[in-house]
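# Fold and contact review
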Amino acid sequence: MTAWAPAATSWPGVAAAVALTVAAVALAHPARVPVGGRRPVPGGVAVRLLVPTVALLGAAGWVWLGPRRLLLVGLGLAVAAAVADSVRRGRRRAVAEHRRGEVLGVCEAMAADLAAGQPPVLALDRAAEEWPELAPVAVAARVDADVPDALRAVACLPGASELRSVAAAWQVAHDTGSGLAPAIALAATAARSRRRTTRLVAAELAGARATARTLAVLPVLVSLLAIGVGTDPVGFLLGTTAGAVCLTTGLALSWSGLAWLERIGDRVLR
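Below or above, wherever it landed, is the structure these notes cover.

### Describing the overall build of the protein chain
Secondary structure summary: the protein chain contains 10 helices and 2 strands in total. Secondary structure elements in the protein chain, listed N-terminal to C-terminal, are α-β-β-α-α-α-α-α-α-α-α-α. By the burial criterion, 27% of the 270 residues in the protein chain qualify as buried. Considering only contacts in the protein chain between residues 6 or more positions apart, those separated by 24 or more positions represent 51%.

### Let's talk about the pattern of salt bridges
Summed over all chains, the structure comprises 14 salt bridges. With a closest N to O distance of 3.1 Å, Asp-149 and Arg-152 form a salt bridge. One end of the pair, Asp-149, and the other, Arg-152, are both in helix H6 (residues 147-155), 3 residues apart, so they sit about a helical turn from each other. The salt bridge involving Glu-162 is made with Arg-194; its shortest N-O contact spans 2.6 Å. Taken together, the residues span a long stretch of sequence, with Glu-162 in the loop between H6 and helix H7 (163-176) and Arg-194 in helix H8 (residues 180-228) at a distance of 32 residues. Looking at Arg-194, the relative accessible area reads 36%, which means it is partly exposed. Among the charged side chains, a network of salt bridges with common partners joins Arg-93, Arg-209, Arg-213 and Glu-262.

### A look at the nonpolar core
Counting residues in each nonpolar core, the largest one holds 33 residues, and the members touching the most others are Leu-124, Trp-131, Leu-134, Val-137, Leu-151, Leu-163 and Ile-184. Breaking this core down by element, the ones donating at least two residues are helix H3 (67-115), helix H4 (120-130), helix H5 (135-142), H6, H7 and H8.

### Examining the layout of surface pockets
Quantified by volume, the largest pocket comes out at close to 1,200 Å³. Looking at the largest pocket, it is lined by 36 residues, and the ones nearest its centre are Val-79, Ala-216, Leu-251, Ser-254 and Leu-258. Contributions of two or more residues to the lining of the largest pocket are made by H3, H8, helix H9 (233-239) and helix H10 (241-269). Ranked by residue count, the leading element in the lining of the largest pocket is H10, at 15 residues. Considered class by class, the residues forming the lining of the largest pocket number 21 nonpolar, 6 polar and 9 charged.

### Notes on H8
A rise of 1.5 Å per residue sets the reference length of H8, with its 49 residues, at 72 Å; its end C-alpha atoms lie 70 Å apart and thus fit the reference within 8%. The sharpest bend along H8 comes to roughly 35°, located at Val-217, with the proline Pro-219 sitting one to four residues further on. Just downstream of H8 lies Gly-230, where phi reads positive at about 100°.

The rules we used
Residues numbered from 1 in each chain as written. Predicted model: local features only at pLDDT ≥ 70, side-chain atom pairs only at ≥ 80, totals over all residues. Heavy atoms only, no water. Helix = DSSP H or I, 4+ residues; strand = E, 2+ residues; numbered from the N terminus. Buried < 20%, exposed > 50% of the residue type's maximum accessible area, 1.4 Å probe, protein only. Contact = heavy atoms within 4.5 Å. Salt bridge = Lys/Arg side-chain N within 4 Å of Asp/Glu carboxyl O. Core = buried A, V, L, I, M, F, W, Y, C linked by side-chain atoms within 4.5 Å. 1 Å grid on protein atoms, 1.4 Å probe; cavity = no way out; pocket = protein on both sides within 12 Å on 5 of 7 lines; lining within 4 Å. Points joined across faces, edges and corners; volume = space filled by probe spheres on them. Nonpolar A, V, L, I, M, F, W, Y, C, P; charged D, E, K, R; others polar. Expected span 1.5 Å × (residues − 1). Bend = angle between axes of the 7 residues up to and from the residue.

In structure tokens, the structure reads:
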């Protein structure tokens, strides 16, 4: 009697099925990750289940594709993820810059309304009409809640950090009984000056980012030139072990340089 043994070709399917099952469990039961020492908040995917999922998917890919093709697929996914992250960062910077302009407009409008003798609650209502993200602050003012705390909460949004100055001015005016209009006007002036500086720094960083991206794309252009003169760089990079090592190292160095520059830029703009 012959012992039953599963066919070799069935193992990739088994590994993929197990990986999908683990991923489904991870999505159905997200981990709770502590944030800033506060109580845990729901996470996107259970961290403990993420590693076995990736390992099982890698094993299935190893059997299906082989080590070299699996490496190329991984590099392709890494490049796609890097491009998507760069696009996401660019959109986030654009949103933050747009929000800085809205915050500056709100500060100037509030300073003008208060200087004209409007009550602070009415000035906040009008500002919330112009910038809906300020609506929680207007609600807090109407119900006599803590307006500075509400302003600081909105200031956590990217590009809205200038509202911390408005919150400080509101707090000082509330505690000391001094006029709110001059303090808000000073906050608006400071916000205008800092936004001018931020835009200047962003323009300087844009040139550095463009140079770094050009250098990252330059190997592709060199490869096209090499193909034009009759060589086969693509065959070397994709078809040999040495080429795979060179390709992996080059992509890793390019990504490290771009990530390093993006990190510096984000830190400076913050």
